Amino acid sequence: MVTVREIHSKKDLKEFVKFPFKIYKGSQYWVPPIINQELQTFDKDKNPIFNDADAYFFLAYKDGEIVGRIAAIINWLEVKEQGIKKMRFGWFDFIDDKSVSKALIEEVEKIGKDQGLEFSEGPVGFSNLDKVGVITEGYDHIAPMITWYNHPYYVDHYNALGYSPEKAYIESTFKFSNVNPESFAKAQELIKRRYGLKALRFTKTEEVMPYADRMFDLFNESYASLASFVKITDKQKEYFKSKFVSFVNPEYIKFVLDKNDDLIGFAIVMPSFAKALQKAKGKLFPFGFSHILKAKKHSRDVIFYLIGIHPEYQNKGIHAVIFNEYYDVFEAKKIENCYRTPELEENEAIQKIWKHFKPEVFRRRKTFRKNLN
């Protein structure tokens, strides 16, 4: 007998966050979140997404034990401004028992129907800067902090629940030794002269902040054409600045300005914190913070988190300017492996950027959809 309960208290939300620690215990590929940071994501007083979204959190119980969780999400910007009547769900984890996953997803579908929404899709987060997709291939690779990991049986559950694949994502990697600077060094000089561009270099986080809002504006512009995109609001900008920027080495943030000092290109790379977070076991204190600081300074693996080019400058080689800026930094830090976060398979423009580095796809993931009518 499976019982599902909507939760509200901080105590229950902490159980919601900690449930995956149970089903992934001993996994060498699952990376735990920082518990307190995950709780802040769900705090309606701290996360500004709740100005434009509603969320409902559920736990499933069997024989008195927690056996699954799910978050049901409605992003009203998406529903009202874009006219996409989607019921989102994410943070969907469960034991290998189809009665558990069925009981949880039915709560999501009920909310969607009550709100007059047309379909449900997941796993997705609140916005485009949240995690996305269930892994369908590539379970034997460690998951970076900005993606979900899941057991192979999850896909069987989605199929059994009547869900069909909706969006497909790929994750790829390449060796830094594959990068030949001659492929972009000369080109980037010509491009900078042709368009009057300059690249900014940072050594301190506070140097980045005056440009951060402009970066999020450019993010909105450069990704607006993608099917799943929901813009970042001004209030969300402040939240994401405090949440992410402190994790990024300032030298890993690259901005390109035009002759009018308008931001037309940016990229954010993060050190890999995966192994550090596994050692931290969900807590910054007493030792977790030191593991993360060590990874920030010494990780030989990096993750290309975001890259955006203004629509007017796409296909004009701006990425060559950005790669040139990274090359010396990566060489000095003895970077070995470069990873890319999940990218839509349909986003051919971004895939063309990487073709010279001989990337290899190591993981695939999908979102799944079901009509609610």
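Look above for the structure.
Residues numbered from 1 in each chain as written. Predicted model: local features only at pLDDT ≥ 70, side-chain atom pairs only at ≥ 80, totals over all residues. Heavy atoms only, no water.

### Let's talk about the overall build of the protein
Here is step 1 of the chain: Across its full length, the protein holds 12 helices and 14 strands.
Here is step 2 of the chain: Here the C-alpha atoms of the protein give a radius of gyration of 21 Å, agreeing with the 21 Å that 2.2 N^0.38 yields for 373 residues.
Here is step 3 of the chain: Dimensions along the principal axes, computed over C-alpha positions, put the protein at roughly 70 × 45 × 35 Å.
Here is step 4 of the chain: For the protein, the proportion of its 373 residues judged to be buried stands at 56%. (Helix = DSSP H or I, 4+ residues; strand = E, 2+ residues; numbered from the N terminus. Rg over C-alpha atoms; globule rule 2.2 N^0.38 Å. Buried < 20%, exposed > 50% of the residue type's maximum accessible area, 1.4 Å probe, protein only.)

### Details of the packing of helix α6 (residues 185-195) against helix α11 (residues 318-332)
The packing of two helices is summarised by the inter-axis angle and the distance between the axes.
Here is step 1 of the chain: For the pair α6 and α11, the least separation of the axes is 8 Å and the interaxial angle reads 120°. Relative to α11, the element α6 lies oblique. α11 is crossed by α6, and the crossing has left-handed handedness. From α6, Ala-185, Gln-188, Ile-191 and Lys-192 reach across to α11, where they touch Ile-318, Ala-320, Val-321 and Asn-324. (Axes fitted to C-alpha atoms, helices over the stretch in contact; angles between N-to-C directions. Parallel < 35°, antiparallel > 145°, perpendicular 65-115°, else oblique. Left-handed = near helix turned anticlockwise from the far one by under 90°. Contact = heavy atoms within 4.5 Å.)

### Side note on the nonpolar core
Here is step 1 of the chain: The biggest cluster of nonpolar side chains holds 71 residues, and the ones touching the most others in it are Phe-255, Phe-304 and Phe-330.
Here is step 2 of the chain: The dominant element in this core, judged by the number of residues it contributes, is α11, at nine residues.
Here is step 3 of the chain: If sequence neighbours within four positions are ignored, Phe-255 has contacts with Lys-198, Ala-199, Leu-200, Phe-202, Val-208, Tyr-211, Met-215, Leu-263, Gly-265 and Phe-266.
Here is step 4 of the chain: Within the second largest apolar cluster, 55 residues are counted, among which are Phe-50, Phe-92, Leu-104 and Tyr-149. (Core = buried A, V, L, I, M, F, W, Y, C linked by side-chain atoms within 4.5 Å.)

### Considering the environment of Ile-74
Here is step 1 of the chain: Summarising the element assignment, Ile-74 is placed in strand β3 (residues 65-75).
Here is step 2 of the chain: Owing to a relative accessible area of 0%, Ile-74 belongs among the buried residues under this scheme.
Here is step 3 of the chain: Residue contacts for Ile-74: discarding those within four places in its chain leaves Asp-52, Ala-53, Asp-54, Val-79, Met-87, Ile-111, Gln-115 and Leu-117.

### Side note on the packing of aromatic side chains
Here is step 1 of the chain: Throughout the structure, instances matching the rule amount to 47 aromatic pairs.
Here is step 2 of the chain: Ring geometry for Phe-202 against Tyr-211: centres 6.0 Å apart, planes inclined by 55°, an arrangement best described as tilted.
Here is step 3 of the chain: The class of Phe-202 is buried, set by a relative accessible area of 6%.
Here is step 4 of the chain: Judged by centre distance (5.3 Å) and plane angle (25°), the rings of Tyr-326 and Phe-330 are stacked. With Tyr-326 and Phe-330 both in helix α11, this residue pair falls four residues apart, about one helical turn. Grouping residues by exposure puts Tyr-326 and Phe-330 together as buried. (Phe/Tyr/Trp six-rings, centres within 6.5 Å; stacked < 30°, edge-to-face > 60°.)

### Considerations on unusual backbone geometry
Leaving glycine out, the prevailing phi sign among residues is negative, and the prevailing peptide bond configuration is trans.
Here is step 1 of the chain: Residues Gly-122 and Pro-123 are joined by a peptide bond in cis, for which omega reads 0°.
Here is step 2 of the chain: Mapped onto the elements of the fold, Pro-123 is located in the loop between β5 (119-122) and β6 (134-137).
Here is step 3 of the chain: Backbone torsion omega between Phe-285 and Pro-286 reads 5°, so that peptide bond is classified as cis.
Here is step 4 of the chain: Along the chain, Pro-286 falls in the loop between α9 (274-280) and α10 (288-298).
Here is step 5 of the chain: Although it is not a glycine, Lys-281 sits at a positive phi angle of roughly 55°.
Here is step 6 of the chain: Mapping Lys-281 onto the fold places it in the loop between α9 and α10.
Here is step 7 of the chain: Judged by its relative accessible area of 60%, Lys-281 falls in the exposed class.
Here is step 8 of the chain: Within the chain, Lys-358 stands out as a residue other than glycine whose phi angle is a positive 55°.
Here is step 9 of the chain: Relative to the elements of secondary structure, Lys-358 occurs in the loop between α12 (348-354) and β14 (360-371).

### Topic: the pairing of strand β7 (residues 164-175)
Here is step 1 of the chain: Here β7 pairs with β14 via eight bridges, running antiparallel. Paired with Ala-168 across the strands is Lys-366, a residue of β14.
Here is step 2 of the chain: Relative to strand β13 (residues 343-344), β7 is paired through two bridges, and the arrangement is antiparallel. Residue pairing across strands places Tyr-169 opposite Leu-344, the latter belonging to β13.
Here is step 3 of the chain: For β7 and strand β12 (residues 337-340), the ladder comprises three bridges, and the chain directions are antiparallel. Across the sheet, the residue bridging to Lys-175 is Asn-337, located in β12. (Pairing = 2+ DSSP bridges.)

### What to know about the packing of helix α7 (residues 205-223) against helix α8 (residues 234-244)
Here is step 1 of the chain: Close contact between α7 and α8 brings their axes to 10 Å; oriented N to C, the two are set at 125°. With respect to α8, the axis of α7 lies oblique. Judged by the twist between their axes, the crossing of α7 over α8 is right-handed. Across the interface between the two elements, Met-209, Ala-212, Asp-213, Phe-216 and Asp-217 of α7 pack against Lys-237, Glu-238, Phe-240 and Lys-241 of α8.
Here is step 2 of the chain: Classifying every residue of the contact of α7 with α8 by side-chain character gives four nonpolar, no polar and five charged. (Nonpolar A, V, L, I, M, F, W, Y, C, P; charged D, E, K, R; others polar.)

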